[in-house]
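Residue-level listing of the chains:
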Amino acid sequence: MDLSYICVNHNCSFPGAKSFEITFKSEYIMDENNVASLFCPFCGSELMQVKVPDVFPENLSKDNTI
Ligand SMILES: [Zn+2]
């Protein structure tokens with residue numbers, strides 16, 4: 001399973017249409033608990049870890065129909 005980290009700062013200066021996101025292949029991660037916190041290079045906010053790519057966490061609480 002891939003791990004994605006996204007910036008959830010609404011004021012992020014990331015120029016893309018979507019939030020800044022970085023994804024690691026699972027083979028790079030021996031133990032996800034050992035992964036240090038990652039920070040957005042654009043706004044400096046701590047990135048939120050998501051385990052289901054392509055689903056924005058904000059949508060999960062509102063709408064479970066994926
Ligand atoms: Zn950001």
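Participant: Please clarify how the overall build of the protein chain should be interpreted in this entry.
Facilitator: Within the protein chain, the secondary structure is distributed over one helix and three strands. Order of helices (α) and strands (β) in the protein chain, N terminus to C terminus: β-β-β-α. Looking at the protein chain residue by residue over its 66 residues, the buried ones come to 8%. Counting contacts in the protein chain only where the partners sit at least 6 residues apart, residues at least 24 apart contribute 51% of the total.

Participant: Where do I start with the confidence of the model for the protein chain in this structure?
Facilitator: Where the model shows low pLDDT, its predicted coordinates should not be examined in detail. Mean pLDDT over the protein chain: 77, with 61% of residues reaching 70 or higher. Within the protein chain, helix α1 (residues 57-62) has the poorest average pLDDT of any element, 56, and strand β2 (residues 21-24) the best, 87.

Participant: What is the right way to read the sheet that holds β2 from this model?
Facilitator: Note on sheets: strands pair through backbone hydrogen bonds, and any given pair is parallel or antiparallel. In spatial order, the strands read β2-β1-β3; together these three strands make up an open sheet with antiparallel pairing. In the strand order of this sheet, the two ends are held by β2 and β3 (48-50), each with one partner. Across the sheet, the axes of successive neighbouring strands diverge by a mean angle of 25°, strand direction being ignored. Here four bridges tie strand β1 (residues 3-6) to β2, and the two strands are oriented antiparallel to one another. Paired with I6 across the strands is E21, a residue of β2.

Cut-offs applied
Residues numbered from 1 in each chain as written. Predicted model: local features only at pLDDT ≥ 70, side-chain atom pairs only at ≥ 80, totals over all residues. Helix = DSSP H or I, 4+ residues; strand = E, 2+ residues; numbered from the N terminus. Buried ≥ 20, exposed ≤ 12 C-beta atoms within 10 Å, placed from the backbone. Contact = placed C-beta atoms within 7 Å. pLDDT = per-residue confidence, 0-100. Pairing = 2+ DSSP bridges. Axes fitted to C-alpha atoms, helices over the stretch in contact; angles between N-to-C directions.

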